[in-house]
Amino acid sequence: MTQAIASPIVHDLIGVGFGPSNLALAIALQERGATHGELDVLFLDKQATYSWHGNTLSTQSELQISFLKDLVTLRNPTSPYSFVNYLKHHGRLVDFINLGTFYPCRMEYNDYLRWVAGQFTAQSRYGEEVQFIEPVLHNQQVEALRVISRGSDGQQFVRTTRSVVVSAGGTPRIPEAFKALKGDHRVFHHSQYLSQMARQPCVNNQPMSIAIIGGGQSAAEAFIDLNDSFPSVQVDMILRGSALKPADDSPFVNEVFSPEFTDLVFQQNSVERERLVNEYHNTNYSVVDIDLIERIYGIFYRQKVSGIARHAFRTLTTVESATATANGIELAVRNNATGEVTVRIYDTVVLATGYERQMHRKLLAPLEEYLGEFEVDRNYKLITDERCKAGIYMQGFCQASHGLSDTLLSVLPIRADEIAGSLYEHGKQRGHSRSVAELLLATAS
Ligand SMILES: Cc1cc2nc3c(=O)[nH]c(=O)nc-3n(C[C@H](O)[C@H](O)[C@H](O)COP(=O)(O)OP(=O)(O)OC[C@H]3O[C@@H](n4cnc5c(N)ncnc54)[C@H](O)[C@@H]3O)c2cc1C
Ligand SMILES: NC(=O)c1ccc[n+]([C@@H]2O[C@H](COP(=O)([O-])OP(=O)(O)OC[C@H]3O[C@@H](n4cnc5c(N)ncnc54)[C@H](OP(=O)(O)O)[C@@H]3O)[C@@H](O)[C@H]2O)c1
């Protein structure tokens, strides 16, 4: 086995993931660094290059939030990292204005994010998956953190830092019935949609039957893409609910995605916080953009007119079991209204079943005894016991305390600035002296 590569540097901050959350933080830290002194920051991402949910960027997919809620504008509309400046740099500002939309396609937004990320190459490493974050102990205190990562070639890296920010995003939710089929390329989560579809026989126009499980935005986008891009594919949409339901993005409701609403949620007790998140659940989860619902309805209506029932829409349906056979994936599905169970066979199953937010627990498991219930303060800093002097921040794992914006792009520039402020405060309290760095190195080795 190759030896781990241990860096002698003690970073001020290591970020796990370099998605939009940590990109926004990199910018906020750069801004603050100009007046308060630069921090030594490094972001690690497991992907080979920058990509924002790259396997879901089907041609019809659009951003579900105004481009004005980019990485910076809410905090600093004059920042060079705005979406508008990206358009200007790419010679499309006038054309974009002519489009008359607030909602660019996600392929373009991905390109915008990549353009920003390209300006932070010195602070980022791709192709490294963080495995664990461990305590660096001195006199029974957690003086710093050791970040252990692995490259795609198996090489292990060990780095030391005063603080970490875990911004690793969601992980695919795989329903129980499908867990045993892991590794079968005929069943995949929507997060792998484009790369998995590229290897299906329908690419060569061969007939296929495909089931989509779920009734949220991902399911709806998969349906539209299969319908539009693969004329030889027959799709069954299988959902537990009785209908595709629209995402509420009406203006008063949309105020729940404002920075002020984060304050309001955070100030409540846990029961009220949970009530608020549940009340507005239909802004984000298990819901679909109304335009897309209307398009899908139109497709099914035209089927009725033509009498050719290409696709099926199976509501109130639960998948009881899934079995891999030589002929395809056999699903035993129960109609929840009648109780009837039928067996159907599909060439491929797309699991558009959403995402879980548990990665922080796995990465921070070696620090468990210092962490309690993963509660954070207003600035997204984990509340640890007093033996832990290192700073641990989280983005995207704080919906329960900070509200529905936490997993979205809604308040990125503001949140990033709050974390940046807290990091500088933490650094001031602890001091940045060379001797601290030397002490840490001694304990880390
Ligand atoms: C298909 C899709 C479309 C979406 N569209 C919108 C939208 O239009 N508007 C909106 O507001 N929200 C949208 N969202 C919500 C989404 O969570 C945010 O847009 C945004 O991606 C959150 O940024 P993030 O940096 O927190 O997480 P992510 O974008 O998920 O980034 C996390 C990064 O961490 C990396 N990573 C994970 N684990 C590790 C590890 N162990 N080591 C190293 N790197 C790791 C990943 O490779 C990834 O690059 C969408 C979500 C999905 C799934
Ligand atoms: N264009 C875009 O910007 C875009 C595209 C895709 C996704 N997104 C975003 O990504 C996030 C996630 O969306 P999503 O559609 O992937 O997930 P989601 O909204 O969480 O929806 C998941 C769907 O899967 C179903 N489901 C979950 N577990 C299941 C199980 N065990 N068995 C059967 N069905 C199950 C849910 O059914 P129930 O309702 O019955 O629980 C729901 O219909 C949202 O923020 C969304 O806005 C954005």
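All residue numbers refer to positions counted from 1 along the written sequence of the respective chain. Each chain gets a letter, beginning with A, and each ligand a number, beginning with 1, in the order they are written. Local features in this predicted model are restricted to residues whose pLDDT is 70 or higher, and side-chain atom pairs enter the listing and the counts only when it is 80 or higher, whereas totals over whole chains, interfaces and linings include all residues. Here the side-chain values reflect all heavy atoms present in the structure, with hydrogen atoms and water set aside.

## Examining the sheet that holds strand β14 (residues 341–346)
Sheets are built from strands that pair by backbone hydrogen bonding, the pairs being arranged parallel or antiparallel. Strand pairing is defined by DSSP finding a minimum of two bridges between the two strands. For the purposes of this entry, the term helix denotes a DSSP run of H or I that reaches at least four residues, the term strand denotes a run of E that reaches at least two, and both are numbered from the N terminus. Pairing is antiparallel across the open sheet formed by three strands, whose spatial order is β12-β13-β14. The sheet is open, and its two borders are formed by β12 (317–325) and β14, each paired with just one other strand. When the angles between neighbouring strand axes are averaged without regard to direction, this sheet yields 25 degrees. Sheet topology note: the β12/strand β13 (residues 328–335) ladder contains eight bridges and is antiparallel. Bridging across to β13, Ser321 finds its partner in Ala332. Axis definition: a line fit to C-alpha positions, over the contact stretch in the case of helices; interaxial angles, taken between N-to-C directions, run 0 to 180 degrees.

## Comments concerning the pattern of salt bridges
A carboxyl oxygen of Asp or Glu within 4 Å of a side-chain nitrogen of Lys or Arg is what we treat as a salt bridge. The tally for this structure, following the rule as stated, stands at 21 salt bridges. Where salt bridges share partners, they join Asp263, Arg378 and Glu418 into one cluster.

## Description of the state of the cysteines
Any pair of cysteine sulfurs within 2.5 Å is marked as a disulfide. As enumerated under the stated definition, the model contains zero disulfides in all. Here Cys398 stays unpaired: no disulfide links it, and the sulfur of Cys388, its closest cysteine neighbor, is 16 Å away. We call a residue buried when its accessible area falls under 20% of the maximum for its residue type, exposed when it is over 50%, and partly exposed in between, using a 1.4 Å probe and counting protein chains only. Exposure remark for Cys398: the relative accessible area of 1% places this residue in the buried category.

## Brief notes about the site of ligand 2
Here a residue is considered near a molecule or strand provided that any single heavy atom belonging to it is located within 4 Å of it. For ligand 2, the set of nearby residues contains 22 residues, the closest of which are Gln64, Ser218, Glu221, Asn284 and Ser286. Two N or O atoms count as a polar contact when they lie within 3.5 Å, although within protein this holds only if one can serve as hydrogen donor and the other as acceptor, and sequence-adjacent residues are included solely when both atoms are side-chain atoms. Between a nitrogen atom of ligand 2 and a main-chain N or O atom of Glu62, the distance comes to 2.8 Å. Arg106 is positioned such that a nitrogen or oxygen atom in its side chain is 3.4 Å from a nitrogen atom of ligand 2. Values of accessible area rely on a 1.4 Å probe in the Shrake-Rupley scheme; residue burial ignores everything except the protein chains shown. Surface burial for ligand 2 is 79%, taken as the share of its 920 Å² of free accessible area covered by protein chains. Sort the elements by how many residues they give to the shell around ligand 2 and helix α6 (residues 217–229) lands first, with three residues. Residue polarity is assigned by list, with Asp, Glu, Lys and Arg as charged and Ala, Val, Leu, Ile, Met, Phe, Trp, Tyr, Cys and Pro as nonpolar; anything else, Gly included, falls into the polar class. Residue composition of the shell around ligand 2, by class: six nonpolar, 11 polar and five charged. An automatic or database domain assignment provides the domain bounds reported here. Each of two domains, domain 1 (5–170 + 357–444) and domain 2 (172–247 + 285–351), supplies a minimum of three residues to the shell around ligand 2.

## Looking at the domain arrangement of the chain
As far as domains go, the chain holds domain 1 (5–170 + 357–444) and domain 2 (172–247 + 285–351). Between the C-alpha centres of domain 1 and domain 2 there is a distance of 34 Å. Listed per partner, the contact involves 14 residues of domain 1 and 15 residues of domain 2. In this description, buried area is defined as the sum, over both parts, of the accessible area (probe of 1.4 Å) that is lost when the two are combined. Buried area between domain 1 and domain 2, both sides added, is near 990 Å², and the carbon and sulfur share of it is 44%. Across the domain 1-domain 2 interface, the total number found is zero salt bridges. One can count nine residue pairs in polar contact (both at pLDDT 80 or more) joining domain 1 with domain 2. Residue classes in the side of domain 1 that touches domain 2 are distributed as two nonpolar, 11 polar and one charged. The contact rule is simple, with two residues in contact once any of their heavy atoms fall within 4.5 Å.

## Section: the site of ligand 1
Close to ligand 1 lie 27 residues, the nearest being Ser21, Asp45, Gln64, Val130 and Thr407. Ser21 places a side-chain nitrogen or oxygen 2.6 Å from an oxygen atom of ligand 1. His53 is positioned with one of its side-chain polar atoms (N or O) 3.0 Å from an oxygen atom of ligand 1. Contact with the protein chains hides 90% of the accessible area of ligand 1, taken as 980 Å² for the molecule alone. At the level of secondary structure, the elements contributing two or more residues to the shell around ligand 1 comprise α1 (20–36), β2 (41–45) and β4 (128–138). Sorting elements by how many residues they give to the shell around ligand 1 places β4 first, with three residues. Split by residue class, the shell around ligand 1 holds 11 nonpolar, 10 polar and six charged.

## Brief notes about α1
Because an α-helix completes one turn every 3.6 residues, residues spaced three or four positions apart along the sequence face the same direction. If you check α1, its first and last C-alpha atoms are 24 Å apart, about what 17 residues at 1.5 Å a residue would give, namely 24 Å. Every buried residue of α1 is listed here: Pro20, Ser21, Asn22, Leu23, Ala24, Leu25, Ala26, Ile27, Ala28, Leu29 and Gly33. Tucked inside the fold, the buried residues of α1 contact β1 (5–16), β2, α4 (106–117), β6 (156–166) and α14 (412–430). Backbone geometry just downstream of α1 places Gly37 in the positive-phi region, at approximately 95 degrees. An expected span of 1.5 Å times one less than the residue number is assigned to each helix.

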